[in-house]
Amino acid sequence: MVKYAAMKRTIAFFASMLPAMLFAVDVVEVKIRALDAFGGDTSSVISRCQTKAGEPYDPVTVTRDVGSLRESGEFEDISADAKRLEEGVEVTFYVKRKMRYRAPATVDGAEFFGASRIMKESELKDGYLYGEADLAAAAARIRTAYNKKHFPDAKVVPLATAVGDGNDCTVTFVIDEGERVKVRDFVFAGCESVDEKKLRDAIGDYPWWNPMGWFFDAPATAAQLYECREKIATVFRDEGFLDVSVEGPERVPAGDGKADMRFTIDEGAKYTIGEMRISGLTRYPEAAVREKSELPEAGEIAGAKTLADAAHRIEVVVGSGDSGLADTHVEVKRFPSAADPTVLDIEFAVEEGVPVVIDEVRIVGNDYTKDKVIRREISLAPGDRMLADRAETSQRRLENLDYFKRVRYYLESSGAGKDANGAEYRNLVYEVEEKNTGSFMVGLGASSVDSVYVTAEVSQSNFDIFAPGKLFRGGGQKGRLYVAAGPRIQTYEASVTEPHFLGRLLELTVEGYRRQRWYDEYDLVRSGAGASLSYPVKFWPTWEPFGRFGFRLGGEYIEFDDVDNSRYYGKRIDEDDEGRRIFKEEARKYGDAAEGVLRFFWSHDSRDNFRIPTSGSRTQLFADLAGGDNEYWRVGFNHRNYFNVWKRYNHVLMVAWRGETIDSFDSGDVPIYNRMFLGGPRSIRGVEYRNVSPLRRKVKRDDWAPWGGQTLFCANFEYTVPIVKMLRLAVFSDVGSVAEDEFDFDFGDTLAWTAGLGIRLDIPMFPIRLDFATPIEKPKHSEKEIFSFTVGYDF
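The paragraphs below set out a description of the structure included in this document. Sequence order as written defines the numbering, with residues in each chain counted from 1. Side-chain atom pairs in this predicted model are given and counted only at pLDDT of 80 or more, local residue features only at pLDDT of at least 70, and totals for whole chains, interfaces and linings cover all residues. Hydrogens are left out, water is left out, and the side-chain values use all remaining heavy atoms of the structure.

So, about the overall build of the chain. Note on conventions: DSSP H or I runs of at least 4 residues are helices, E runs of at least 2 residues are strands, and numbering of each starts at the N terminus. Tallying secondary structure elements over the chain gives 14 helices and 38 strands in all. Against the compact-globule benchmark of 28 Å for 795 residues, the chain has a radius of gyration of 36 Å, which places it well outside the compact range. In terms of overall dimensions, the chain has C-alpha extents of about 125 × 75 × 65 Å along its principal axes. A 1.4 Å probe rolled over the protein chains alone gives each residue an accessible area, and that area as a share of the maximum for its type sets the label: buried under 20%, exposed over 50%, partly exposed in between. Every one of the 795 residues in the chain was classed for burial, and the buried ones make up 44%. In the chain, 60% of the contacts between residues at least 6 apart in sequence involve partners at least 24 apart. Here the Shrake-Rupley method, with its probe set to 1.4 Å, supplies the accessible areas, and only the displayed protein chains count as covering residues. A total accessible area of about 41,800 Å² is found for the chain, and carbon and sulfur atoms account for 52% of it. Separation between the mean location of the 106 positive side-chain charges and that of the 129 negative ones in the chain comes to 1 Å. A radius of gyration in this sense is built from C-alpha atoms; the matching globule rule multiplies 2.2 Å by the number of residues raised to 0.38. We call two residues in contact when some of their heavy atoms are within 4.5 Å. When charges are counted, Lys and Arg are positive and Asp and Glu negative, with His and the chain ends excluded. To locate a charge, take atom NZ for lysine, CZ for arginine, CG for aspartate or CD for glutamate.

Here is the structure:
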């Protein structure tokens, strides 16, 4: 109504000034009429207007004055009027000034919340200008806070009181909290065919034991409860109940200050798909479109999403191929079968578009992300035919960058006409809405190996090292700073990754680090830096990119301190032998060493999710050549495969294989800090950390210390079953061994085989893994570790 009133005033204004526009006249007077009750001097308004007494009257100038005053943010309402007099034109500006809030506000009627909490929710700031609409919005925020604390009938009224002669005011919030009524349960009356768990998941109602409920509140505000109706209806429509209706919620008292929120559901019939056909095709055979569109089978549930997705796939197919008809639209028509009204014959009615050639590719909405970062993900260029499949692929690639809240593309007229073949020239526009891509986290980490430690991390997934003016954002790089400190570890890391080095598909990563760990027998500090460069490689027979080949060059300084001075037996134990101070000898030979390592590697990652994968694999093959104080070579592989063995219930089997071997270039040994160990929550669960390796016994005592080996083999098998969102159960078995020498496959003495059960709490950014395992077979003197836990994603 406010918009219509303003429109009427504008029309009346121009209509009244039509004679003045036809005959040039002067402004005889400019008046300001205040529509508020503040009083005070309004002459400053006139000083900011270009419309002046004695100047020729120009309605365009008056309109600009209204616009500039509105943009100042000082006025809640502004309009102008012009009156024709004998001697000229009288212009009147009608202004309603905003109030300047003076703290503190007064709170009347609040008992549950204190005044400080209410002011925090209002978001009012001392000295700022606010209009009546702003105060109403502040009251709505307070009311929402009450709703979340189970005050469904809370009322908040803001009252402004003028102070002095100007527009200063104080604010009083008059609050009627109403009765506090907690939601005991959500009731879905009439729900017979859909699992209520799906409905509760859809509206965000989780039981106390579901980790999702620890981080998200159940719907409580009026707006949230209203949205629940549509979410419930969407679940039913996707299950084939296309005629469903949902009413409510109705608050039903349940006693003890609690109530049930009751939704009344009329399910209607459940529809299935009968015959299907595609109409309106002139450029492609129907059979070819059906095959490429992967239409659902007859007899499947006629869910709204199923049909909408099928229609979209048809649009993409018709918009691609040899003809590439842009702007193709597909309407889903449903016809009840004569034999059974719950069986729907489906017609996908195609309205074909037209051939289009791309004139320009435009990017809009990117305030700080560079154009080139977006354009390199788009596989269409000026002069190309518009192909919907390539446009869709480009959209998905932009979405996968995780820089944007929303990505969409559309075509717009370019005014360039048509090409020689009659195809229209149009601009392809990708519109993006940017989101926060940086994070700062401070928290606690923990594991049965590292104990409890404090972490701090700053990361930016859309980093730009050369753009301090944009807070180092927008270059498509990845930057990370990480610190962890605890009683057993200290870690400092910094890295920057450029995925398109030199404008090519070269991925460059530069990193520096200092990692310190306290073992029982010695302390180890590794300080170093490195740079890696990789490129996607292609293999016969498809010659499609499959993995990345690269190399990494790094330098590292290794400090070997606080070494155990005890005597230990060697590989063969002789009770009459006095033993040697083997760790002291290691420190003397290999302590304070500098190494340079060149690594060649090939890696491939096809996981569907980097944090909690359900399918795909991750593989790396590598070879190291090291020089400096320690000269050695190392080769190895690491492969992890995920199988979604029961897709309906999202059961996932993970199979992992790892193998490595190392040896020095000369006849010397490999330093203990470069040798290999297994055991613990990230390799062989059920055996203590590093206890799957050759061990050395302390002289005259039954204490054994990990000594490490030069050949490693490890296999992990894990089957996970989701219980509720963010909670999975796991059954696993680990097997592995570390042999004494290079390419030594005699794993008998150090073989470990364990099995166990685990719990996975998939809390965002803080996933917890709890494992209970027992050895089926283990090295003779290694220690059991029945329970282990870690914080972090897949080990």
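If DSSP finds at least two bridges between two strands, the strands pair. If you trace the four strands from one edge of the open sheet to the other, you get E13-E16-E18-E17, paired in mixed fashion. Where the open sheet ends on each side, the last strands, each with one partner, are strand E13 (325-326) and strand E17 (404-418). On the sheet, helix H13 (residues 388-400) packs against E17 and strand E18 (424-434) and is oriented at approximately 145° with respect to E17. Every axis in this analysis is a line fitted to C-alpha atoms, fitted for helices over the stretch in contact. Angles between the N-to-C directions lie between 0 and 180 degrees.

Let us now look at the packing of helix H10 (residues 286-293) against helix H11 (residues 304-318). Between H10 and H11, the least distance of the axes is 9 Å, while the angle of their chain directions is 120°. Taken together, the axes of H10 and H11 lie oblique to each other. Of the two possible hands of crossing, H10 and H11 adopt the one that is right-handed. Between H10, through Val289, Lys292 and Ser293, and H11, the contact on the second element is made entirely by Arg313, Ile314, Val317 and Val318. Amino acid classes used here: Ala, Val, Leu, Ile, Met, Phe, Trp, Tyr, Cys and Pro are nonpolar; Asp, Glu, Lys and Arg are charged; the rest, including Gly, are polar. Taken together, the residues of the contact of H10 with H11 sort by class into four nonpolar, one polar and two charged. Here is the rule for angles: anything less than 35 degrees is roughly parallel, anything more than 145 is roughly antiparallel, 65 through 115 is roughly perpendicular, and the remaining ranges are oblique. If you view the pair so one helix is near and one far, a crossing is left-handed when the near helix is turned anticlockwise from the far one by less than a right angle, and right-handed when it is turned clockwise.

A few words on the pairing of strand E25 (residues 545-561). With 15 bridges joining them, strand E24 (residues 523-538) and E25 adopt antiparallel strand pairing. Opposite Pro536, over in E25, you have Arg548 as the bridge partner. Counting the residues in the hairpin turn of E24 and E25 gives six residues, including Trp543, whose phi is positive at 55°. Both E25 and strand E26 (residues 593-605) contribute to a ladder of 11 bridges, which runs antiparallel. In the strand pairing of E26, Leu553 is matched with Leu598.

Take the packing of aromatic side chains next. Aromatic pairs are defined between Phe, Tyr and Trp rings, using the six-membered ring for Trp, whenever the two ring centres lie within 6.5 Å; interplanar angles under 30 degrees are classed as stacked, those over 60 as edge-to-face, and all others as tilted. Taken as a whole, this structure holds 27 aromatic pairs when the rule is applied. Taken together, a centroid distance of 5.2 Å and an interplanar angle of 55° make the contact between Tyr519 and Tyr522 tilted. In terms of burial, Tyr519 and Tyr522 fall into one category: buried. When the centroid spacing of 4.8 Å and the interplanar angle of 85° are considered together, the rings of Trp646 and Tyr649 count as edge-to-face. Exposure remark for Tyr649: the relative accessible area of 41% places this residue in the partly exposed category. Between Arg685 and the ring centre of Phe732, over which it is positioned, the NZ or CZ distance is 3.9 Å. Note on criteria: charge over ring means Lys NZ or Arg CZ within 6 Å of the ring centre, with the direction from the centre no more than 35 degrees off the ring normal.

In this section: the side chain of Glu90. One can find Glu90 in strand E3 (residues 88-97). By relative accessible area, Glu90 is classed as buried at 14%. Between N or O atoms, a polar contact is any pair within 3.5 Å; within protein, one atom must be a potential hydrogen donor and the other a potential acceptor, and residues adjacent in sequence are included only when both atoms are from side chains. A polar contact of 3.2 Å, which involves the side chain of Glu90, links it to the side chain of Lys31. The contacts of Glu90, once residues within four sequence positions are left out, are Val28, Glu29, Lys31, Asp81, Ala82, Lys83 and Leu85.

Further remarks concern the sheet that holds strand E14 (residues 329-336). If you walk across this open sheet you meet the three strands as E12-E15-E14, and the pairing is mixed. Either end of the sheet is taken by a strand with one partner, and the two such strands are strand E12 (272-279) and E14. This sheet shows a mean twist of 25° between the axes of neighbouring strands, independent of strand direction. Judged from the eight bridges that link them, E14 and strand E15 (residues 343-351) form a sheet pairing that is antiparallel. When the sheet's bridge partners are listed, Glu331 is paired in E15 with Ala349. Running over the sheet, H11 touches E12, E14 and E15 and is turned about 140° from E14.

Patches here: salt-bridge-free residues with over 30% relative accessible area, like charges joined within 9 Å, nonpolar side chains (Val, Leu, Ile, Met, Phe, Trp, Tyr) joined within 5 Å. Throughout this description, the term salt bridge denotes a Lys or Arg side-chain nitrogen within 4 Å of a carboxyl oxygen of Asp or Glu. There is a patch of like positive charges on the surface, built from Lys149, Arg180, Lys182 and Lys258. Residue position: Lys149 is located in the loop between helix H6 (132-148) and strand E7 (155-162). Among the residues examined, Lys149 registers a relative accessible area of 35% and is labelled partly exposed.

Glancing now at the pairing of strand E20 (residues 451-463). Pairing analysis gives 10 bridges linking strand E19 (residues 438-447) to E20, with the strands arranged antiparallel. Bridged to Ser439 within E20 is Ser459.

What follows concerns a negative patch on the surface. A surface patch of negative charge is lined by Asp574, Asp576, Asp577 and Glu578. When you line up the elements, Glu578 lands in the loop between E25 and helix H14 (582-590).

The tally for this structure, following the rule as stated, stands at 52 salt bridges. Put simply, Arg426 and Asp327 hold a salt bridge, and the shortest N to O gap is 2.3 Å. With Arg426 in strand E18 and Asp327 in the loop between E13 and E14, the pair connects residues that are 99 residues apart, well separated along the chain. A salt bridge links Glu740 to Arg696; the shortest N-O distance between them is 2.8 Å. Placement of the pair is Glu740 in the loop between strand E34 (727-739) and strand E35 (752-761) and Arg696 in strand E31 (residues 695-697), with a sequence separation of 44 residues. Assessed through its relative accessible area of 18%, Glu740 is described here as buried. Here the residues in one salt-bridge network are Arg685, Glu718, Asp734, Arg760, Arg769 and Asp771, joined through shared partners.

Moving on, we get to unusual backbone geometry. The step from Ala103 to Pro104 runs through a cis peptide bond, and the omega angle for that step is 0°. Looking at the secondary structure, you find Pro104 in the loop between strand E4 (99-101) and strand E5 (106-108). For the peptide bond that leads from Gly248 to Pro249, omega is 10°, which places it in the cis range. When you line up the elements, Pro249 lands in strand E10 (residues 245-255). With phi around 60°, Asn650 is a residue other than glycine that occupies positive phi space. With respect to the helices, strands and loops of the structure, Asn650 is situated in the loop between strand E28 (632-646) and strand E29 (651-664). A positive phi is found at Phe743, a non-glycine position, where the angle reads about 45°. The topology assignment puts Phe743 in the loop between E34 and E35.

Together, Phe440, Val442, Leu444, Val452, Val454, Val458 and Leu481 make up a nonpolar patch on the protein surface, roughly 670 Å² of accessible area in all. Looking at the nonpolar patch, the elements with two or more residues in it are E19 and E20. Of note, Leu444 is situated in strand E19.

When you line up the elements, Gln460 lands in strand E20. Setting aside anything within four residues of it in sequence, one finds Gln460 in contact with Thr437, Gly438, Phe472, Arg473, Gln477, Lys478 and Gly479. Here the side chain of Gln460 touches Asn462 through a polar contact of 3.0 Å, landing on its backbone nitrogen.

For helix H5 (residues 115-122), the set of buried residues is Ile118, Met119 and Ser122. Buried positions in H5, seen along its axis, are confined to an arc of 100° and lie on one side of it. In H5, the exposed residues that point more than 90 degrees away from the buried face are Ser116 and Lys120. Among the structural elements, E4, E5, H6 and strand E8 (168-176) are those in contact with the buried residues of H5. Among the residues trailing H5, Glu123 stands out with phi positive, at a value near 65°. Regarding the arc, it is the one traced by the directions from the helix axis to the C-beta atoms.

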